[in-house]
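Here's the letter readout for the chains.
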Amino acid sequence: LGHQLRADRGTDQVRVIDRATLTESTAVSVGDDPWGIDVDDYFVIVCCEDSHDIYRIDSRDFSVDQMDQAPDADPR
């Protein structure tokens, strides 16, 4: 990725920072209180602490999909 990612727990967004210019290129809204980020190829996986939701962000176009999980799963 040519970007740096930052979970903004106050606004419930993942902020995308361009590494070349160190400016925010976009912000992606996700669930309540994003705290965990993992990168896998083109996908960014975000876990949200308060809502217990998991989101997949496609780093090519920054589209967002909520991922299914078992009802008793803990995203941590």
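In every chain, residue numbers begin from 1 and rise along the written sequence. Per-residue local features of the predicted model are confined to residues with pLDDT of at least 70, and side-chain atom pairs are confined, for both listing and counting, to 80 or more; whole-chain, interface and lining totals are unaffected and use all residues. Based on all heavy atoms of the structure, the side-chain values leave hydrogens and waters out of the count.

Turning our eyes to something else, we now look at the nonpolar core. The nonpolar side chains of soluble globular proteins are, as a tendency, buried together. By nonpolar core is meant a set of buried Ala, Val, Leu, Ile, Met, Phe, Trp, Tyr and Cys residues that side-chain atoms within 4.5 Å join together. Whether a residue is buried, partly exposed or exposed follows from its accessible area with a 1.4 Å probe, protein chains only, as a fraction of its type maximum: under 20%, in between, or over 50%, in that order. Residues Val14, Val16, Val28, Val30, Val44, Val46, Cys48, Tyr55 and Ile57 constitute the largest nonpolar core, which totals nine residues. The secondary structure listing takes helices from DSSP runs of H or I that are at least 4 residues long and strands from runs of E that are at least 2 residues long, numbered from the N terminus. For this core, the leading source of residues is strand E5 (residues 43-48), giving three residues.

Our next topic: the pattern of salt bridges. Here, a salt bridge means any side-chain nitrogen of Lys or Arg that lies within 4 Å of a carboxyl oxygen of Asp or Glu. A full pass over the atoms with the stated rule returns seven salt bridges. With its nearest N and O atoms 2.8 Å apart, the salt bridge here joins Arg15 to Asp8. With a relative accessible area of 13%, Asp8 lands in the buried category. One continuous salt-bridge network, built from bridges that share partners, spans Arg6, Asp8, Arg15 and Glu24.

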